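# Inside the fold
If you want the building blocks of each chain, they are given just below.
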Amino acid sequence: MRIYIFIGILVLGMTMIGAITGGFVSTFRGANLRKGFTYGAVTGLVLALATILLQRFMYSIHGGIMMDLVRLALIELNGLVVSLIGMFVVLAIFGVVYWLLRLATGPVKEDDPIHIGRRNFFKRTAVVVPAVVGVTGSVAAFQGNNELQLRRLQLSLKDRPEVLKGYKIGQLSDVHIGPFIGMDKLKEMVNAIASEHPHRLVITGDLIDDLAYLDEVADYLDGRVQDFPDGIDYILGNHEYRVDVERVWKRLSQTKMHMYRNSHQQILGGPRPVYLVGMDYHFKDDVQEENVRLLDIAMKGIPDNGYPILLAHHPNYIPEAFRRHIPLTLSGHTHGGQINLWGTNLVPVYKPYWKGLYEEQGLFAYVSRGSGHWFPVRMNCPREVTVFSIL
């Protein structure tokens, strides 16, 4: 039921945005306003329906040239959806200026030079803005889906035990194997991290969106465990729950990966042993209270001299991790907002921990921008894989 409500809101919203955008274009060009509303509404409706239907169709095909062609079309459609929203915002700003100028100057003659100049300016605006924003949206979609950045971070962890000196951890997060991210891109991600020779690879949730890939993903990761001396560690994200969390958990548990569900494992010994703590995803309304409860369960049995590293898909665990003096927390979920302009995130995501590295009194937390995504448009926020070197 929830998905149908979302689809209804998307279709209605895109239709309204298209209609208003068409109205602005017609007003600026001095054209028929009714036609502008109609053409705009139809454009928004077609974009919304085509995107939804094509994305559903993608779940029925796996492999071959058909999948590649449909994926390209779907990426372009997503870019155009964002472009239409961008046109609406930009033209709305120009619309405010247009009406303020009309109020300020009052009635003017058609042959008045000021009126002619203003009319020509807004006519050009009605052409230039859709063209520029449309191209920008398309480029952002294709670039966002293809660009992958390898980030290397060096961390001086607080009270680090000697056994962790020089230790390297690779992170994948929010891979979202499905319509936009196929096996080729998963292989690219793992290869990029393996090239840095980390001791272990951690996957912090939202690995898969299309269960038709589950066996292939499981077999591939199982075969890559040998490339990381201390193995691969995996925790769940919210998208595993959206598809079939128990099926995903059961299949991935058949691999040689280390699986965590509100649990911990000792990964290094010595006088101050190191523990990896992995959290399950939850949907409780009282987030922080539930985080406290689940962390109590996950960390039960770790000795006082133990040194924990936390894996949590959602960064809402970070405040409690800092309160407990956990030296390092790795998370994801937000995708860094995906659309960042002038240093500002335009997509509402969890705050204050939403992208990159955070430090508080020598304790660190990192929120990945996502190695993949379920929506391909990105601006100033490329997909990433990350390797942490502990100094």
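Residues numbered from 1 in each chain as written. Predicted model: local features only at pLDDT ≥ 70, side-chain atom pairs only at ≥ 80, totals over all residues. Heavy atoms only, no water.

Summing up its helical and strand segments, the chain has ten helices and 14 strands in all. Put simply, 73% of the contacts in the chain that link residues at least 6 apart link residues at least 24 apart. Of the roughly 18,400 Å² that the chain leaves accessible, carbon and sulfur atoms contribute 61%. (Helix = DSSP H or I, 4+ residues; strand = E, 2+ residues; numbered from the N terminus. Contact = heavy atoms within 4.5 Å. Areas by Shrake-Rupley, 256 points an atom, 1.4 Å probe, with all protein chains shown as cover.)

Position of Trp342 relative to the elements: it lies in the loop between strand 10 (340-341) and strand 11 (344-345). Classification of Trp342 by relative accessible area gives exposed; the value is 81%. Taking the C-alpha atoms as reference, Trp342 lies 9.1 Å from Asn380; in sequence the two are 38 residues apart. (Buried < 20%, exposed > 50% of the residue type's maximum accessible area, 1.4 Å probe, protein only.)

Right, let's get into the side chain of His314. Along the polypeptide, His314 turns up in the loop between strand 8 (307-311) and helix 10 (318-323). Within polar-contact distance, the side chain of His314 engages the backbone nitrogen of Asn316 at 2.9 Å. With residues up to four places along the chain from it excluded, the contact list for His314 reads Tyr281, Ser331, His333 and Tyr350. (Polar contact = N/O pair within 3.5 Å; in protein donor to acceptor, adjacent residues only side chain to side chain.)

What the six strands build is an open sheet, ordered 1-14-2-3-4-5; its pairing is mixed. The strands lining the two open edges of the sheet, one partner per strand, are strand 1 (148-155) and strand 5 (258-259). Alignment of strand 3 (residues 200-204) against strand 4 (residues 232-235), held across four bridges, turns out to be parallel. Within the sheet, the bridge partner assigned to Leu201 lies in strand 4 and is Ile232. The sheet contacts of helix 5 (residues 183-194) involve strand 1, strand 2 (168-172), strand 3 and strand 14 (383-390), and relative to strand 14 the element is tilted by about 20 degrees. (Pairing = 2+ DSSP bridges. Axes fitted to C-alpha atoms, helices over the stretch in contact; angles between N-to-C directions.)

The side-chain alternation of strand 9 (residues 328-331) yields two buried faces, one formed by Leu328 and Leu330 and the other by Thr329 and Ser331. Pairing of strand 8 with strand 9, which is carried by three bridges, proceeds in the parallel orientation. Paired with Leu311 across the strands is Leu330, a residue of strand 9.

Turning our eyes to something else, we now look at the packing of aromatic side chains. Counted according to the given criterion, the structure contains 13 aromatic pairs. Measuring from centroid to centroid gives 6.2 Å for Phe94 and Phe121, while their planes differ by 50 degrees, and the two rings are tilted. Pair noted here: Phe94 is in helix 3 (residues 64-105) and Phe121 is in helix 4 (residues 113-146), with a separation of 27 residues, a long-range link. The partly exposed category is assigned to Phe94, whose relative accessible area is 25%. Looking at Phe121, the relative accessible area reads 39%, which means it is partly exposed. (Phe/Tyr/Trp six-rings, centres within 6.5 Å; stacked < 30°, edge-to-face > 60°.)

A separate point is the pairing of strand 7 (residues 274-278). Burial within strand 7 is extensive, with five of its five residues counted as buried. In strand 7, alternate side chains face the same way, and those of Val274, Leu276 and Gly278 on one face and Tyr275 and Val277 on the other are all buried. Pairing of strand 6 (residues 263-268) with strand 7 involves five bridges; the strand directions are antiparallel. If you follow Gln265 over to strand 7, its bridge partner there is Leu276. Bridging between strand 7 and strand 8 involves five bridges; their strand directions are parallel. Note on strand 8: the bridge partner recorded for Leu276 is Ile309. In this fold, strand 7 hands off to helix 9 (residues 287-299), which returns the chain to strand 8; that crossover is right-handed. (Right-handed = clockwise from strand over helix to strand, strands pointing away.)

The next point concerns a nonpolar patch on the surface. A cluster of nonpolar side chains, Phe57, Ile65, Met66, Leu69 and Leu72, forms an exposed patch at the surface whose accessible area comes to about 510 Å². Among the elements that make up the nonpolar patch, the one with the highest residue count is helix 3 (four residues). Note that Leu72 resides in helix 3. Judged by relative accessible area, Leu72 falls into the partly exposed class, the value being 45%. (Patch = residues over 30% accessible without salt bridge, like charges linked within 9 Å, V, L, I, M, F, W, Y side chains within 5 Å. Salt bridge = Lys/Arg side-chain N within 4 Å of Asp/Glu carboxyl O.)

By the secondary structure assignment, Leu153 is in strand 1. Along the sequence, Leu153 and Phe388 sit 235 residues apart, while their C-alpha atoms lie 4.9 Å from each other. Every residue in contact with Leu153, bar those within four places of it in the chain, is listed here: Tyr366, Thr386, Val387, Phe388 and Ser389.

What follows deals with the nonpolar core. Grouped together as the largest cluster of nonpolar side chains are 48 residues, with contacts concentrated most on Leu172, Leu186, Ile203, Val217, Tyr234, Leu252 and Met257. Of all the secondary structure elements, the ones that give two or more residues to this core are helix 3, helix 4, helix 5, strand 3, helix 6 (214-224), strand 4, helix 8 (245-252) and strand 14. The element contributing the most residues to this core is helix 5, with seven residues. In contact with Leu186, not counting residues within four places along its chain, are Leu172, Val175, Ile177, Val217 and Tyr220. Among the nonpolar cores identified, the runner-up in size contains 22 residues, and Leu164, Tyr260, Val274 and Ile309 belong to it. (Core = buried A, V, L, I, M, F, W, Y, C linked by side-chain atoms within 4.5 Å.)

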